[in-house]
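# Structural features, examined
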Amino acid sequence: MNFASKHASMLEESLSDGSAPKELIARLQEGSEMLKYGRRGKPHFRQFFVTHDCSGLEWRSPKKKTAEAYVAFASVKAIEMGQKTQVFAANSMPSVAHLSFSLLYSSQQDGIVRTLDIIAKDASQFDQWISGLRLLVPSLWSKEALEMSGSVNAAAANAARRVGELSHCMLFGRVRDG
């Protein structure tokens, strides 16, 4: 089974909460309110959602243009759990560290690695977003992640690492119509 068909078949399997990945992605496209930490100022609630074409994460911000409130999944290098970034260190909230995560990504404007630091409202929301991001972010499609969903050979896993340019629409199709 090639990588694209293996990854597409993951969408048909059930997640730990019994839902199918396509349903999960549709929920993430509808959006969730979570606490966003910024480099300046205090944390604030924002509506986060996966874009219609599954290419990135957007949030609503009254002061930013859409392009400034967007992270392309292809630019994400890693997801870090907890409150380990400099941004979190400035206003840490240890009581919700277990609901916190950061996307480490390369800025489209200057190529600098930045973080998008987020705290989910509860464990269910945290689990949904982490599960969804693991499906949608190409850099997270490691051999180990693919093996957790079934057997895959090393050649397919290595190919998976090289196909970051694969279109999410090819793999996932249009999850949400409209």
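Residues numbered from 1 in each chain as written. Predicted model: local features only at pLDDT ≥ 70, side-chain atom pairs only at ≥ 80, totals over all residues. Heavy atoms only, no water.

Turning our attention to the nonpolar core. Among the nonpolar cores identified, the biggest contains 35 residues, and F48, L57, F101, L116, W129 and L133 are the most heavily contacted of them. A per-element tally of this core places helix 4 (residues 123-136) first, with six residues. Each residue touching F48, except ones within four places of it in the same chain, is listed here: L28, G31, S32, M34, K36, L57, E58, W59, L116, I118 and W129. (Core = buried A, V, L, I, M, F, W, Y, C linked by side-chain atoms within 4.5 Å. Buried < 20%, exposed > 50% of the residue type's maximum accessible area, 1.4 Å probe, protein only. Helix = DSSP H or I, 4+ residues; strand = E, 2+ residues; numbered from the N terminus. Contact = heavy atoms within 4.5 Å.)

Attention now goes to the packing of helix 2 (residues 21-30) against helix 4. Contact geometry for helix 2 and helix 4: axes closest at 10 Å, N-to-C directions at 110°. Of the possible angle classes, the one that applies to helix 2 and helix 4 is roughly perpendicular. Packed against helix 2, whose contacting residues are P21, L24, I25, R27 and L28, the element helix 4 presents Q128, W129, S131, G132, L135 and L136 at the interface. For the contact of helix 2 with helix 4, the residue count by class is seven nonpolar, three polar and one charged. (Axes fitted to C-alpha atoms, helices over the stretch in contact; angles between N-to-C directions. Parallel < 35°, antiparallel > 145°, perpendicular 65-115°, else oblique. Nonpolar A, V, L, I, M, F, W, Y, C, P; charged D, E, K, R; others polar.)

What follows covers the packing of aromatic side chains. Tallied over the full model, the rule gives three aromatic pairs. Here the aromatic rings of F48 and W59 are separated by 5.9 Å at their centres, their planes lie at 40°, and the arrangement is tilted. In this pair, F48 sits in strand 2 (residues 44-50) while W59 sits in strand 3 (residues 56-59), placing the two residues 11 residues apart along the sequence. Each member of the pair, F48 together with W59, is buried. Pairing F101 with F126 gives two aromatic rings, centres 6.0 Å apart and planes at 65°, and the pair type is edge-to-face. A residue pair is termed long-range when its members are at least 10 positions apart, and F101 in strand 6 (residues 100-106) and F126 in helix 4 qualify at 25 residues. (Phe/Tyr/Trp six-rings, centres within 6.5 Å; stacked < 30°, edge-to-face > 60°.)

By themselves these figures say nothing about function.
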